[in-house]
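# Inside the fold
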Amino acid sequence: MNAFEKTRGFLNEVVTEMKRSSWPTRRELMDSTTIIILTMVALGAFVAAADYIFIKIVSLLTGA
């Protein structure tokens, strides 16, 4: 079996598996994306606030 036949067989299997997969609806995808974006914004705000607090603590301790 040469490389071309192996590649062709692999791609055929990929297409078969993709057809079997369950894909989200547009609404489900939009909802999931919104949740992810809001979570990332909240996490970013938390990290920024923690960074600010730690900078202030270190500056108080070092007298800078």
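## Focus: the overall build of the chain
Scanning the chain from terminus to terminus reveals two helices and zero strands. Relative to the compact-globule value of 11 Å for 64 residues, the chain shows a C-alpha radius of gyration of 25 Å, a clear excess of over 25%. Principal-axis analysis of the C-alpha atoms gives the chain an extent of 70 × 35 × 10 Å. In the chain, which comprises 64 residues, the proportion classed as buried is 0%.

## Points about a nonpolar patch on the surface
Residues F10, L11, V14, M18 and W23 make up a contiguous nonpolar surface patch of about 530 Å² in total accessible area. Tracing the chain through its elements places F10 in helix 1 (residues 3-20). Residue classification places F10 among the exposed residues on the basis of a relative accessible area of 53%.

## Some points on helix 2 (residues 26-62)
Residues spaced three or four apart along an α-helix face the same direction, because each turn holds 3.6 residues. Its 37 residues place the ends of helix 2 53 Å apart at the C-alpha level, agreeing with the 54 Å of an ideal helix rising 1.5 Å per residue. Looking one or two residues beyond helix 2, the residue adopting positive phi is G63, at roughly 75 degrees.

## Topic: helix 1
Between the first and last C-alpha of helix 1 there are 26 Å, a value that for 18 residues agrees with the 26 Å anticipated at 1.5 Å per step. The distance from a side-chain oxygen at the start of helix 1 to the backbone nitrogen of F4 is 3.1 Å, and the residue carrying that oxygen is N2.

## Side note on the pattern of salt bridges
Scanning the entire structure with this criterion turns up two salt bridges. Among the ionic pairs, E17 bridges to R20, the shortest N-O distance being 3.1 Å. Of this pair, E17 and R20 both sit in helix 1, three residues apart, which is roughly one turn of that helix. For R20, a relative accessible area of 62% gives the class exposed. In this structure, the salt-bridge partner of R27 is D31, at a minimum N-O distance of 3.4 Å. One end of the pair, R27, and the other, D31, are both in helix 2, four residues apart, so they sit about a helical turn from each other. Given a relative accessible area of 34%, D31 falls into the partly exposed group.

Conventions and cut-offs
- Residues numbered from 1 in each chain as written.
- Predicted model: local features only at pLDDT ≥ 70, side-chain atom pairs only at ≥ 80, totals over all residues.
- Heavy atoms only, no water.
- Helix = DSSP H or I, 4+ residues; strand = E, 2+ residues; numbered from the N terminus.
- Rg over C-alpha atoms; globule rule 2.2 N^0.38 Å.
- Buried < 20%, exposed > 50% of the residue type's maximum accessible area, 1.4 Å probe, protein only.
- Patch = residues over 30% accessible without salt bridge, like charges linked within 9 Å, V, L, I, M, F, W, Y side chains within 5 Å.
- Areas by Shrake-Rupley, 256 points an atom, 1.4 Å probe, with all protein chains shown as cover.
- Salt bridge = Lys/Arg side-chain N within 4 Å of Asp/Glu carboxyl O.
- Expected span 1.5 Å × (residues − 1).
- Polar contact = N/O pair within 3.5 Å; in protein donor to acceptor, adjacent residues only side chain to side chain.

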